[in-house]
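Residue-level structure breakdown
So you can see what is in the structure, the chains are spelled out below.
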Amino acid sequence: EDTSLVPKYTMSEEQYNQRQGTLRDWGRQQKQQNPNFTLRQHAKEHREWVEAQRQAKLGLELPKGFQYDEDGKVIRIPQPSQQHKKDQDPIPTEFGPDSIHDIRVGMRCEVQPGSRRGEVMYVGLVPELNAGYWVGVRFDEPVG
C-alpha cells in the first residue's frame, strides 16, 4: 500500500490551539490550576506512581515515597516540595539512544495501539521531560 499517495491532513497552530481535549489544552488547564506545573514533573511522578502500582500488584515492597492507605490503595506520601534538578533522573536504558537508532525525521510510521499512521517529525531528547529519547509523530488524522 503506497501511503504517499494519500493526501495528508493539515491543521494550523491557531486551529490546534482552539481544539479541546488535546495535550496542549490539558497542559494549559493544569497550568491554570498550578502555575508551577510542568509536563516533565508530571511525567516523572506518573512513572513513579505506575511503578508503585506494579510493585504492589506483584506483592513487592513499595518504592520510597509510597504507602498503602486504610483501604489498601497505593498512595504517594506527601513530600516537602523541592527544586527539581535536571541531573537527578538518569535516562532509563530502554529509552536510550539505541531505542531510536534507525528512526529518522521524515519516515512514515504506524503507532500502536490504534494503528494510527503519520510522519516522524522529531527524534531526540526532550529536556523538559528528561525521560529518555522521544519520537514525535504528526498523525495523518486529527487525533489530539
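Please refer to the structure placed before this passage.
Owing to the predicted nature of the structure, the values given are computational and were not obtained by experimental measurement.

Rules of the game
Residues numbered from 1 in each chain as written. Predicted model: local features only at pLDDT ≥ 70, side-chain atom pairs only at ≥ 80, totals over all residues. Heavy atoms only, no water. Helix = DSSP H or I, 4+ residues; strand = E, 2+ residues; numbered from the N terminus. Buried < 20%, exposed > 50% of the residue type's maximum accessible area, 1.4 Å probe, protein only. Contact = heavy atoms within 4.5 Å. Pairing = 2+ DSSP bridges. Axes fitted to C-alpha atoms, helices over the stretch in contact; angles between N-to-C directions. Patch = residues over 30% accessible without salt bridge, like charges linked within 9 Å, V, L, I, M, F, W, Y side chains within 5 Å. Areas by Shrake-Rupley, 256 points an atom, 1.4 Å probe, with all protein chains shown as cover. Salt bridge = Lys/Arg side-chain N within 4 Å of Asp/Glu carboxyl O. Phe/Tyr/Trp six-rings, centres within 6.5 Å; stacked < 30°, edge-to-face > 60°.

The subject of this paragraph is the overall build of the protein. Scanning the protein from terminus to terminus reveals 3 helices and 5 strands. Its helices and strands taken in sequence order, the protein reads α-α-α-β-β-β-β-β from the N to the C terminus. Classification of the 144 residues of the protein by burial places 19% in the buried group. Of the contacts formed within the protein by residues at least 6 apart in sequence, a portion of 36% connects residues at least 24 apart.

Assignment of secondary structure puts Asp98 in the loop between strand S2 (74-76) and strand S3 (108-111). With a relative accessible area of 71%, Asp98 lands in the exposed category. Taking C-alpha positions, Asp98 is 9.2 Å from Tyr133, a pair spaced 35 residues apart along the chain.

In this sheet, strand S4 (residues 116-125) lies alongside S3 in antiparallel orientation, the contact comprising 4 bridges. Looking across to S4, one finds that Arg108 is bridged to Glu119. Where S3 folds back onto S4 in an antiparallel hairpin, the turn is made up of 4 residues, including Gly114, whose phi is positive at roughly 110°.

As a further point, take the sheet that holds strand S5 (residues 133-139). A sheet is described by the order of its strands in space; here 3 strands give the open sequence S3-S4-S5, paired in antiparallel fashion. Every other strand in the sheet has two partners, leaving S3 and S5 as the edge strands with one partner each. Across the sheet, the axes of successive neighbouring strands diverge by a mean angle of 55°, strand direction being ignored. The pairing of S4 with S5 spans 7 bridges and is antiparallel. The residue bridging Leu125 from the neighbouring strand is Tyr133, located in S5.

Among the surface-exposed residues, Met121, Tyr122, Leu125 and Trp134 lie close enough to one another that they form a single nonpolar patch of about 360 Å² accessible area. Per-element accounting of the nonpolar patch gives the leading share, 3 residues, to S4. Looking at where Tyr122 falls in the secondary structure, it is placed in strand S4. In this structure Tyr122 comes out as partly exposed when scored by relative accessible area, which is 37%.

This model, assessed by the stated rule, comprises 8 salt bridges. The salt bridge partner of Lys44 is Glu48, with a shortest N-O separation of 2.6 Å. Within this pair, Lys44 and its partner Glu48 are both found in helix H3 (residues 39-57), separated by 4 residues, close to a single helical turn. Owing to a relative accessible area of 25%, Glu48 belongs among the partly exposed residues under this scheme. Among the ionic contacts, a cluster of salt bridges with common partners joins Lys44, Glu48 and Arg76.

Take the packing of aromatic side chains next. Per the counting criterion, the structure on display carries 1 aromatic pair. With 5.4 Å between their ring centres and 85° between their planes, Trp26 and Phe37 make a pair best called edge-to-face. With Trp26 in helix H2 (residues 23-33) and Phe37 in the loop between H2 and H3, this residue pair connects regions lying 11 residues apart in the sequence.

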